[in-house]
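# Examining the three-dimensional arrangement
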Amino acid sequence: MKSGFVNIFGKPNAGKSTLLNGLLGEKLAIVSSKVQTTRHRIKGFLTKPDEYQIIFSDTPGIIEPKYKLHQKMMGAVKSALEDADVGILLVDVKDNLEECNELFTSLRLKVPCIVLLNKIDLAEKEQVDNAKAFFDAQPYCKTTLGVSALNQKIFSTLLKAIVDLLPEGLPFYSEEELTDLPVKFFMGELIREKIYQLFGDEIPYHSAVLVNAFKEKNTLVKIQADIIVQRETQKVILIGEGGKMIKKIGTLARQDMEKFLEQKVFLELFVKVRAKWRDNDAQLKEYGYN
Ligand code: GDP
Ligand code: K
Ligand code: MG
């Protein structure tokens, strides 16, 4: 039996979270077209009894930290660099290859790495071939594969390549487990995703979500959460005219929560202002950024 940690690294928006969800067939990581959507290390377990257990980790995109929040995000990347058995270096195939190469070299990973060229559905074959030749020549690269994280058809080739590189070992988690994070965490993330998807400008980057209550009552789950923003003006935008926007966030998040939990959900949302929470250690901790 093979088992180990397979950690996904790459620039913002390469498709890391989409890939994790695709590999696990479950929406564990939130996705948006905006950079810095993912703020945590998110683990998902893929187990084939007696054959393998892969502990995949999605990580925040690698950036230069500007706030304490960013430092926490890069801390999540660092922990994943330390325990990886196999690295997946994800590249948007249309991105600048030299820049990606510089980034991957700077990670100094000592474990075997697969370079995954993502979003091949949007690229010409020639561009994919060219990128493949470029990465095949790099010392950290064991193999280069083209994928579309949105299309699970190519995943069997990828899984085989991963399992080949995994060490022999016993499973770390039981077969039924999918992740080590609590359900409450995923509920908060689904709310955060809607903020990323519905608002432009600075709002998503100034927001955090705190899930205060998660109670199962008969067939219903009651969830209460606060959306934290930095300014009164942002609160006004989030709530919208006559509560229009907050209602929209609530409806969309609730639908995803019901899919995730396979149960009916009652969701109550409040918006609160906490100036400069992104640079406040106590608040970062309270909102789950350790
Ligand atoms: P991350 O920042 O690396 O986690 O990237 P995300 O998973 O959040 O994806 C960023 C954006 O790229 C989202 O809009 C995704 O829908 C999109 N995306 C991810 N993978 C693919 C792909 O294979 N093809 C296309 N066309 N879009 C993709
Ligand atoms: K993103
Ligand atoms: Mg992500």
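Conventions and cut-offs
- Each chain carries its own residue numbering, running from 1 in the direction its sequence is written.
- A letter from A marks each chain and a number from 1 marks each ligand, given out in the order of writing.
- The predicted origin of the model limits local features to residues at a pLDDT of at least 70 and limits the giving and counting of side-chain atom pairs to 80 or more, whereas totals for whole chains, interfaces and linings rest on all residues.
- The helix count covers DSSP runs of H or I at least four residues long, the strand count covers runs of E at least two residues long, and both are numbered beginning at the N terminus.
- Based on C-alpha atoms, the radius of gyration is set beside the globule rule, defined as 2.2 Å times the residue count to the power 0.38.
- Counting other C-beta atoms within 10 Å of a residue's C-beta gives its exposure: the residue is buried at 20 or more, exposed at 12 or fewer, and partly exposed in between, where C-beta atoms are placed from the backbone.
- Placing a C-beta atom from the backbone of each residue, one calls two residues in contact when those atoms lie within 7 Å.
- Only strands joined by at least two bridges in the DSSP assignment are considered to pair.
- Geometry is summarised by axes, namely lines fitted to C-alpha atoms with helices restricted to the contacting stretch, and by angles between N-to-C directions that run from 0 to 180 degrees.
- Using a C-beta atom placed from the backbone, a residue is described as near a molecule or strand when that atom lies within 6 Å of it.
- UniProt positions are given in the numbering used here, feature names are shortened, and annotations may be inferred rather than shown by experiment.
- By definition, a nonpolar core groups buried Ala, Val, Leu, Ile, Met, Phe, Trp, Tyr and Cys residues that connect through C-beta atoms lying within 7 Å of each other.
- Just so you know, the domain bounds were taken from an automatic or database domain assignment.
- Angles are sorted into four bins: roughly parallel if under 35 degrees, roughly antiparallel if over 145, roughly perpendicular if 65 to 115, and oblique for all others.
- Note on convention: near helix rotated counterclockwise from far helix by under a right angle means a left-handed crossing. Clockwise means right-handed.
- Under the grouping applied here, Gly and all other residues not named as nonpolar or charged are polar, the nonpolar ones being Ala, Val, Leu, Ile, Met, Phe, Trp, Tyr, Cys and Pro and the charged ones Asp, Glu, Lys and Arg.

### So, the overall build of the protein
Helix and strand content of the protein: nine helices and nine strands. Its C-alpha atoms give the protein a radius of gyration of 20 Å, near enough to 19 Å, the size a compact globule of 290 residues would have. Along the three orthogonal principal directions, the C-alpha set of the protein runs to about 55 × 40 × 35 Å. Here the protein holds 290 residues, and the buried ones make up 36% of them. If you take every contact in the protein between residues at least 6 apart in sequence, the share linking residues at least 24 apart comes to 70%.

### Quick word on the sheet that holds strand E9 (residues 264-273)
Across the sheet, three strands lie side by side as E7-E8-E9; this open sheet has mixed pairing. Only two strands of the sheet have a single partner each, and these edge strands are strand E7 (208-217) and E9. Strand-to-strand twist of the sheet, defined as the mean angle between neighbouring strand axes without regard to direction, takes the value 15 degrees. By the bridge criterion, 10 bridges tie strand E8 (residues 220-229) to E9 in an arrangement that is parallel. For Ala225, the partnering residue across the bridge sits in E9 and is Leu269. Docked against the sheet, helix H7 (residues 232-239) engages E8 and E9, running at close to 150 degrees with respect to E9. Lying on the sheet, helix H8 (residues 244-261) is in contact with E8 and E9; it crosses E9 at an angle near 140 degrees.

### A short note on the site of ligand 1
Close to ligand 1 lie 21 residues; Gly15, Lys16, Ser17, Thr18 and Ser148 are nearest. The element best represented in the shell around ligand 1 is helix H1 (residues 16-24), accounting for three residues.

### What to know about the UniProt feature "domain: KH type-2" (unreviewed entry) in the protein
Look at the UniProt record and you will see "domain: KH type-2" (unreviewed entry) annotated at residues 191-275. Within residues 191-275, the helical portion is 40% and the strand portion 35%, while the C-alpha atoms at the span's ends are 20 Å from each other.

### What to know about the environment of Ala225
Turning to its location among the elements, Ala225 is positioned in strand E8. Judged by the 23 C-beta atoms lying within 10 Å of it, Ala225 is buried. In the structure, Ala225 is positioned 180 residues away from Phe45 in sequence and 27 Å away in space, judged by C-alpha atoms. Ignoring sequence-local partners within four residues, the contact set of Ala225 consists of Gly188, Ile191, Val209, Leu210, Val211, Asn212 and Leu269.

### Observations regarding the pairing of E7
Where E7 and E8 come together, nine bridges link them in antiparallel fashion. Along E8, the bridge assignment pairs Phe214 with Ile223. Counting the residues in the hairpin turn of E7 and E8 gives two residues, including Asn218, whose phi is positive at 55 degrees.

### A short note on the nonpolar core
By size, the foremost hydrophobic cluster in this structure holds 66 residues, and its most contacted members are Leu89, Leu90, Val91 and Leu116. Taken domain by domain, the makeup of this core includes at least three residues from each of domain 1 (2-165) and domain 2 (183-286). Val91 has contacts with Gly10, Ala14, Cys100, Val115, Leu116, Leu117 and Asn118, leaving out every residue within four places of it along the chain.

### A few points about the sheet that holds strand E5 (residues 113-118)
Spatially, the six strands line up as an open sheet ordered E2-E3-E1-E4-E5-E6, and their pairing is mixed. At either end of the open sheet lies a strand with only one pairing partner, and these are strand E2 (42-48) and strand E6 (141-146). Direction aside, neighbouring strands of the sheet carry axes that sit 20 degrees apart on average. When E2 meets strand E3 (residues 52-58), the two strands line up antiparallel, connected through seven bridges. Looking at E3, one finds that Lys48 is bridged to Tyr52. In the packing of helix H4 (residues 125-136) onto the sheet, contacts are made with E5 and E6, and the angle to E6 comes to roughly 170 degrees.

### Examining the packing of helix H6 (residues 183-198) against H8
Remark: H6 packs on H8, axes separated minimally by 9 Å, with the N-to-C direction vectors making an angle of 135 degrees. By the angle between their axes, H6 is oblique relative to H8. Relative to H8, H6 is oriented so that their crossing is right-handed. Two secondary-structure elements touch here, H6 through Phe186, Met187, Leu190, Ile191, Lys194, Ile195 and Leu198 and H8 through Met245, Lys248, Ile249, Leu252, Ala253, Asp256, Met257 and Phe260. When grouped by side-chain class, the residues that make up the contact of H6 with H8 number 12 nonpolar, no polar and three charged.

### So, the domain arrangement of the protein
Often the size quoted for an interface is simply the accessible area lost on bringing the parts together. Considered domain by domain, the protein is made up of domain 1 (2-165) and domain 2 (183-286). Taken together, the contact pairs 11 residues of domain 1 with 14 residues of domain 2. Classifying every residue of the side of domain 1 that touches domain 2 gives four nonpolar, three polar and four charged.

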